[in-house]
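Fold and geometry: a report
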Amino acid sequence: MTEELFREDSYLKSCTAKVLASGPDGVVLDRTVFYPTGGGQPGDSGTLTGPGGTLAIIEAVKGEGGILHKLEEGAAAPAVGDEVEVTLDWDRRYKHMRIHTALHLLCSVVDGGVTGGQIGAGKGRLDFDIPGERPEKEALTEQLNQVIAGNHGISISWITDDELAANPDLVRTMSVKPPMGSGKVRMIRIGDDVDFQPCGGTHVRSTEEIGSIQIGKIENKGKQNRRINLTLVE
């Protein structure tokens, strides 16, 4: 299986690794900094440099035996056993990190279960189960930016599957189950009491790194489902 270096340090931009499997679909490495598509967060892109030169990694996904690094079509993949270096498209990944953390903050200020979501490079959305009136976007924008400006630290911790099962209120997502089954669950804490929930994705170290955000359209997606869109203000 691939050692997932990004789980403990989201700021690693590159690493050396050994090729475990190689084929037309891509390569599996013994370790990587590339986050695979999942939980609403896109898989990372970047480059792989090996004996045959530098190749583009178009996406990282979960594959058999570990994380599959998908290469551009027609690329001559490295051989099993080759030593390679993989490097992230850092600008894209960092925007994912800022948006992902901003969406956790959105969870903390909107009262409702999360029914879906998506992260992009500079924009994202969450769907909430909210009966009644939609939130007001100008007020929500101001509230969220106030929390961001508080410069709350973000930390990673782990609890057991049993601890999560005993505290179901920690799970905000109604549509996606948290990553369980290995005996422990990765938790993301923002500040002392801003937000605390299971998450396998990548995040910034403090809310201030998010920068200013703007709430966009708030859409009705069903009787109680409200889609809240947000973007980074660059």
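Let me begin by describing the structure that accompanies this report. (Residues numbered from 1 in each chain as written. Predicted model: local features only at pLDDT ≥ 70, side-chain atom pairs only at ≥ 80, totals over all residues. Heavy atoms only, no water.)

Concerning unusual backbone geometry
Located in the positive-phi region is Asn151, a residue other than glycine, with phi close to 50 degrees. Tracing the backbone through its elements, the reader meets Asn151 in the loop between α2 (137-149) and β11 (154-160). (Helix = DSSP H or I, 4+ residues; strand = E, 2+ residues; numbered from the N terminus.)

Thoughts on the side chain of Arg226
Within the secondary structure, Arg226 sits in strand β15 (residues 225-232). Reaching out from Arg226, the side chain makes a polar contact with the side chain of Asn220 at a distance of 3.4 Å. (Polar contact = N/O pair within 3.5 Å; in protein donor to acceptor, adjacent residues only side chain to side chain.)

Re the pattern of salt bridges
Two side chains of opposite charge can pair, provided their charged atoms sit close to one another. Per the counting criterion, the structure on display carries 6 salt bridges. Notably, a salt bridge pairs Glu4 with Arg7, separated by 2.7 Å at the nearest N-O pair. Note that Lys217 and Glu219 form a salt bridge whose closest N and O atoms lie 3.9 Å from each other. What you see here is one network of salt bridges that share partners, running through Arg125, Asp127 and Arg227. (Salt bridge = Lys/Arg side-chain N within 4 Å of Asp/Glu carboxyl O.)

Looking at the environment of Thr54
Within the secondary structure layout, Thr54 lies in strand β6 (residues 53-63). Sequence separation between Thr54 and Glu85 is 31 residues, and the spatial gap between their C-alpha atoms is 9.2 Å. Those residues within four positions of Thr54 in sequence are excluded, and the remaining contacts are Thr47, Leu48 and Thr49. Side-chain polar atoms of Thr54 contact the side chain of Thr49, separated by 3.0 Å. (Contact = heavy atoms within 4.5 Å.)

Considerations on the nonpolar core
Within the largest apolar cluster, 51 residues are counted, with the highest numbers of intra-cluster contacts made by Leu106 and Ile215. Here this core gets 8 residues from one element, more than from any other, and that element is helix α1 (residues 90-109). If we skip the residues at most four places from it in the chain, Ile215 touches Leu106, Lys137, Leu140, Thr141, Leu144, Ile228, Asn229 and Leu230. Counting 5 residues, the second largest nonpolar core, distinct from the first, contains Ile159, Leu164, Leu170 and Met187. (Core = buried A, V, L, I, M, F, W, Y, C linked by side-chain atoms within 4.5 Å. Buried < 20%, exposed > 50% of the residue type's maximum accessible area, 1.4 Å probe, protein only.)

Concerning the sheet that holds strand β13 (residues 195-198)
Remark on secondary structure: sheet strands pair via backbone hydrogen bonds, oriented parallel or antiparallel. Ordered by their spatial adjacency, 3 strands build an open sheet running β11-β12-β13, and the pairing between neighbours is antiparallel. Among the strands making up the open sheet, the edge pair consists of β11 and β13. Within the sheet, the average angular offset between the axes of one strand and its neighbour, ignoring direction, is 25 degrees. In this sheet, β13 lies alongside strand β12 (residues 184-190) in antiparallel orientation, the contact comprising 4 bridges. Note on β13: the bridge partner recorded for Arg189 is Phe196. Relative to the sheet, α1 contacts β11, β12 and β13, its axis offset from that of β13 by approximately 115 degrees. (Pairing = 2+ DSSP bridges. Axes fitted to C-alpha atoms, helices over the stretch in contact; angles between N-to-C directions.)

Topic: α1
The terminal C-alpha atoms of α1 lie 29 Å apart, and with 20 residues this matches the ideal 28 Å at 1.5 Å per residue to within 8%. With respect to burial, α1 is a largely interior element, 14 of its 20 residues being buried. (Expected span 1.5 Å × (residues − 1).)

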